[in-house]
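Overview (structure and organization)
As a plain string of letters, each chain reads:
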Amino acid sequence: MKFENSLEFARKLDSEDKIAKYRNEFIFPKVDGKEVIYFVGNSLGLQPKTARDYVDEIMQDWANLGVEGHFYSEKPWWDYHERFAEKLAKIVGANPSEVTVMNTLTVNLHLLMISFYRPSGKRFKIICEEKAFPSDQYMIASQVRVHGFDPSEAIIEIKKRDGENIFRTGDVLKKISEVGEECALVLIGGVNYYSGQVFDMEKITSAGHEVGAMVGWDLAHAAGNVELKLSEWNVDFAAWCSYKYMNSGPGNASGCFINRKYHNKKDLPRLEGWWGHNKERRFLMEPEFLPEPNANAWQISNAPVLALAPYLASLEMFDEVGMPALIEKRNKIVTYLEFILQDIDKQIDSTFEVITPSKQEERGTQLSVFLHGKGREVFNYLMKNGVYIDWREPNVIRLAPAPFYCSYEDIYNFGQIMKKAILNS
Ligand SMILES: *Cc1c(COP(=O)(O)O)cnc(C)c1O
């Protein structure tokens, strides 16, 4: 399709957008009384208008029923988390038995590493990407130390080549085969938070298995953003937060995937608690742990239903729209954003460098742009003028026009403000 950098053209794209009406289902922050252009759905998704009702419902049930709400509210609290599995499974490409929701992301990765990082003999190394999201770096280093290893020996980072912005799949596969039988675990962010690069999760997962390692994915930037087929790819485990593309609210609960080949496996260690106990017998308070026959066996504490409520509201919308429609719009709106950036770059002879891969299958909603020359001033100008984006050192802005609620008109307007930002700062 031939794009144009004009308001009329952007509006035409909006009029053809099959999921345009969902924009109205979200609440936008305002700057100077005007709704912002919100490109930070990769950091904190917007609030769905239905979220408040879901929370109010629990507050009401708590007021009216007290403890009886566990069993007698309209959506009983004792199995509230079970409402998520089917909807989440569709989003991540899993069987519902393989998916659950609990805790928060880094906590879940720690818990999953208890089960899936089992160093023994010379097999003790973990392969991850260089400059992973800091929480993942701290988590992996601390896990390695808990097992008595030195992070500088046990952690093998995959590196980008000098002067390149993205990882080459071939380099990842090569590193895995080099580490070979010393590799206990491959644990990478499915979508790199800095560049927006989508890793070839299928190929990397099978390369890890070929050398006898476990393979897990941190899907913080992938869930609700890119197509996932965790079951089909035979991924061992994965976890994601829900407050980014999944619009569940600040600090909200994380989803987990645990491949069904590990359910009911008695020799797999796990940290346990009563919410993972067989649900029919949970309240018999028996001394011996009898695990749920699915991913829920990894549950520990009773579910934080007040937090889960807005997540459920959001998932209902995902279920209605479906990932294919979101991905279809995502591809188009991101390509339009890329076109607008290039067009402005030409008009004012600026020097943007999009460091996100240009191939559709290697990127999701996010474009990361390296601003050669003016950086921080441009960012400040954009924020002050109602464009919410984010800044990453040394000179990168990340733009993520979430297809659920961003419009093509947003992209056009962003371009106009961006042009002024470069000229005026
Ligand atoms: C956002 C993000 C996190 C955040 O972790 P929390 O435990 O939810 O605070 C972790 N890892 C990656 C890759 C992220 O993008």
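Residues numbered from 1 in each chain as written. Predicted model: local features only at pLDDT ≥ 70, side-chain atom pairs only at ≥ 80, totals over all residues. Heavy atoms only, no water.

1. Quick look at the overall build of the protein chain
For the protein chain, the count of helices and strands is 13 helices and 17 strands. Against the compact-globule benchmark of 22 Å for 425 residues, the protein chain has a radius of gyration of 23 Å, which places it among compact chains. Its C-alpha atoms give the protein chain principal-axis dimensions of roughly 70 × 60 × 35 Å. Evaluated residue by residue, the protein chain yields a buried proportion of 56% over its 425 residues. Expressed as a percentage of contacts within the protein chain between residues at least 6 apart in sequence, the contacts between residues at least 24 apart total 71%. With an accessible surface of roughly 18600 Å², the protein chain has 50% of that area assigned to carbon and sulfur atoms. (Helix = DSSP H or I, 4+ residues; strand = E, 2+ residues; numbered from the N terminus. Rg over C-alpha atoms; globule rule 2.2 N^0.38 Å. Buried < 20%, exposed > 50% of the residue type's maximum accessible area, 1.4 Å probe, protein only. Contact = heavy atoms within 4.5 Å. Areas by Shrake-Rupley, 256 points an atom, 1.4 Å probe, with all protein chains shown as cover.)

2. Some points on the pattern of salt bridges
Close approach of charged atoms lets side chains of opposite charge pair. Overall, the coordinates contain 26 salt bridges when judged by the stated rule. Between Asp390 and Arg398 there is a salt bridge, and its shortest N-O distance comes to 2.5 Å. One salt-bridge network, in which partners are shared between bridges, spans Lys174, Lys175 and Glu178. (Salt bridge = Lys/Arg side-chain N within 4 Å of Asp/Glu carboxyl O.)

3. A word on the environment of Leu7
With respect to the helices and strands, the residue Leu7 is situated in helix α1 (residues 7-16). By relative accessible area, which is 29% here, Leu7 ends up partly exposed. In the structure, Leu7 is positioned 307 residues away from Ser314 in sequence and 30 Å away in space, judged by C-alpha atoms. Dropping the residues within four chain positions of it, Leu7 is found in contact with Glu409, Tyr412 and Asn413.

4. Section: the UniProt feature "binding site: pyridoxal 5'-phosphate" (unreviewed entry) in the protein chain
The UniProt record marks Leu105, Thr106, Phe133, Pro134, Ser135, Asp136, Asp218, His221, Tyr243, Trp274 and Asn302 with the feature "binding site: pyridoxal 5'-phosphate" (unreviewed entry), using the residue numbering of this structure. These annotated residues cover 198 residues of sequence, and their C-alpha atoms reach 31.6 Å apart at the extremes, leaving them scattered rather than at a single site. Relative to the helices and strands, Asp136 resides in helix α6 (residues 134-146). Leave out the neighbours within four places in its chain, and Asp136 touches Leu109 and Asp218. In this structure Trp274 touches Arg282, Phe283, Met285, Ile300, Ser301 and Asn302, once residues within four positions along its chain are discounted. (UniProt positions renumbered as here; feature names shortened; annotations may be inferred.)

5. Let's talk about helix α11 (residues 323-348)
Taking 1.5 Å of rise per residue, the 26 residues of α11 would be expected to cover 38 Å, and the 37 Å separating its terminal C-alpha atoms lies within 8% of that figure. Backbone geometry just after α11 places Asp349 at a positive phi near 50 degrees. (Expected span 1.5 Å × (residues − 1).)

6. A closer look at unusual backbone geometry
Cis geometry marks the peptide bond from Glu393 to Pro394, where omega comes out at 0 degrees. Here Pro394 is to be found in the loop between β16 (390-392) and β17 (396-399). A positive phi angle, close to 55 degrees, is found at Met285, a residue other than glycine. Along the polypeptide, Met285 turns up in the loop between β12 (254-258) and α10 (305-321).

7. Some remarks on the packing of α11 against helix α13 (residues 408-424)
One way to put it is that α11 packs onto α13 with a least axis distance of 10 Å and a crossing angle of 25 degrees. By the criterion of interaxial angle, the relationship of α11 to α13 is roughly parallel. For the pair α11 and α13, the crossing hand works out as right-handed. Contacts between α11 and α13 involve Lys329, Lys332, Ile333, Tyr336, Leu337, Ile340, Leu341, Ile344, Gln347 and Ile348 from the first element and Tyr408, Ile411, Tyr412, Phe414, Gly415, Lys419, Ile422 and Leu423 from the second. (Axes fitted to C-alpha atoms, helices over the stretch in contact; angles between N-to-C directions. Parallel < 35°, antiparallel > 145°, perpendicular 65-115°, else oblique. Left-handed = near helix turned anticlockwise from the far one by under 90°.)

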